[in-house]
Amino acid sequence: MKKLSSLVVLGLGAILLASCGGTGEFDSSSNISLYSRDTTSGTRDGFFTTIGLGEAKADNAPLKTGLSVVNSNGDMISGLGEDIYGIGYFSLSSVNEETGIAKENANVKTIQYNGVTPTQESVLDGSYQLTRNFNYIIRSEYSNQDVKDVVDAFVKYMFTQEGMAIMVSENGILSIDPNTPTWDSIKGQYPIMNRTDLKLEIKVGGSTSVKDMSIALTDAFSGLFAEGSTVTFNHNHTGSGDAYKNTQGEGKDSATALDLAFLSRELESKEDAATGTSGKMCTDAIVVGVNVANPITEITDEELVSMYSLEGTTTTWSQVL
């Protein structure tokens, strides 16, 4: 009977663990595995700045040793999906808001930040504050006037009813004013769109977090030119750090030069963009993610700082569970 009773107790324990989101394998005494984006990432900038550890966005960041550094949202989610003791951060656009589970990996879930669930609604009402802006930047000088005219028209298209609807469909967070102009109402201001002889390549890059949105926008815009013209937007997204660099900075005349770029952070003081060449597109939320085997459901900025900071004392999951 003792053996049977033990089996019953173990079975009930497994059910209770499963009901809390665990798998029965999670050991809260284990060390926390920290994940972060690289220092060119706007997501990293937004995350550490918001939680109160802004100095951690730099190359000489005062972070705990053993940190796993990844290069994209996808790599972050993949790492957390395989590491039941991991914690990291990525864009809300990578999450199914109804379930809180990462779209591309069912082994990764999001948790509340300072008591608030990350959703587009909680971002718009201001209650969820782990956010950052998606921004664009263009060149201040173009050697080809046609390329300049196309880029100028594209920027205006982004802020029409049609362009903003695409941003929303790609998980950009914004409210569309009903008085926002349609593309049809302003396209006459851009005669480049009526040309039938264009054969142009527009080089696009910058933030990996804004990549899907920028592709959706340029795909829609490229279909608006007059028949006979071919305008191709070639995307090569290598991080927010390359946006200013390759449009107006040291790389503007190099093999990596860009005509149009995007950032998932604000321009830094050293990135002195020319007036009228950059601006905000929409807002995005950054979410804190863990493996679904982890029973944790919420975390605070103070706890995150204690986890990531070199001087922080939080090193095991039992300290926050």
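Please refer to the structure higher up on the page.
Just so you know, these numbers come straight off a predicted model, no measurement behind them. (Residues numbered from 1 in each chain as written. Predicted model: local features only at pLDDT ≥ 70, side-chain atom pairs only at ≥ 80, totals over all residues. Heavy atoms only, no water.)

1. Describing the side chain of glutamine 248
As for its position among the elements, glutamine 248 is in the loop between α9 (241–247) and β10 (260–263). Residue glutamine 248 is classed as buried on the basis of its relative accessible area, which comes to 11%. There is a polar contact of 3.0 Å between the side chain of glutamine 248 and the backbone nitrogen of alanine 274. Looking at glutamine 248, its side chain comes within polar contact range of the side chain of threonine 277, at 2.9 Å. Among residues more than four places away in sequence, those in contact with glutamine 248 are Ile137, Ile138, Arg139, Ser140, Asp272, Ala273, Ala274 and Thr277. (Helix = DSSP H or I, 4+ residues; strand = E, 2+ residues; numbered from the N terminus. Buried < 20%, exposed > 50% of the residue type's maximum accessible area, 1.4 Å probe, protein only. Polar contact = N/O pair within 3.5 Å; in protein donor to acceptor, adjacent residues only side chain to side chain. Contact = heavy atoms within 4.5 Å.)

2. Points about the packing of aromatic side chains
Applying the stated criterion across every chain yields a total of 17 aromatic pairs. Measuring from ring centre to ring centre gives 5.4 Å for phenylalanine 48 and tyrosine 308, while their planes differ by 85°; the resulting arrangement is edge-to-face. In this pair, phenylalanine 48 is assigned in helix α2 (residues 42–51) and tyrosine 308 in helix α10 (residues 301–308), connecting sequence segments 260 residues apart. Exposure class is identical for phenylalanine 48 and tyrosine 308. Each is buried. Between tyrosine 157 and phenylalanine 221 the ring centres are 5.3 Å apart and the planes differ by 45°, which places this aromatic pair in the tilted class. (Phe/Tyr/Trp six-rings, centres within 6.5 Å; stacked < 30°, edge-to-face > 60°.)

3. A few points about the nonpolar core
Membership of the largest hydrophobic core comes to 42 residues, with the highest contact counts inside it found for Phe47, Phe48, Ile87, Leu304, Met307, Tyr308 and Trp317. Secondary-structure elements contributing two or more residues to this core are β1 (33–37), α2, α3 (73–82), β3 (86–91), β6 (108–113), β11 (278–291) and α10. Take this core: its biggest share by element is five residues, from β11. Those residues in contact with phenylalanine 48 that sit more than four places away from it in its chain are Ser36, Leu53, Gly54, Ala56, Leu63, Tyr89 and Tyr308. By size, the runner-up hydrophobic cluster in this structure holds 37 residues, among which are Ile186, Ile192, Val204 and Val231. (Core = buried A, V, L, I, M, F, W, Y, C linked by side-chain atoms within 4.5 Å.)

4. Quick word on α10
Residues separated by three or four positions in an α-helix point in the same direction, a consequence of the helix having 3.6 residues per turn. Taken as a whole, α10 has its buried residues at Asp301, Leu304, Ser306, Met307 and Tyr308. Those residues of α10 hidden inside the fold are in contact with β1, α2, β3, β6, β11 and β12 (298–299).

5. Notes on the side chain of asparagine 291
Position of asparagine 291 among the secondary structure elements: in strand β11. Note on asparagine 291: relative accessible area 4%, which makes it buried. Here the side chain of asparagine 291 touches leucine 80 through a polar contact of 2.9 Å, landing on its backbone oxygen. In this structure, asparagine 291 is in contact with Leu80, Gly81, Glu82, Asp83, Ile84, Gly86, Asn107 and Lys109, ignoring residues within four places of it in sequence.

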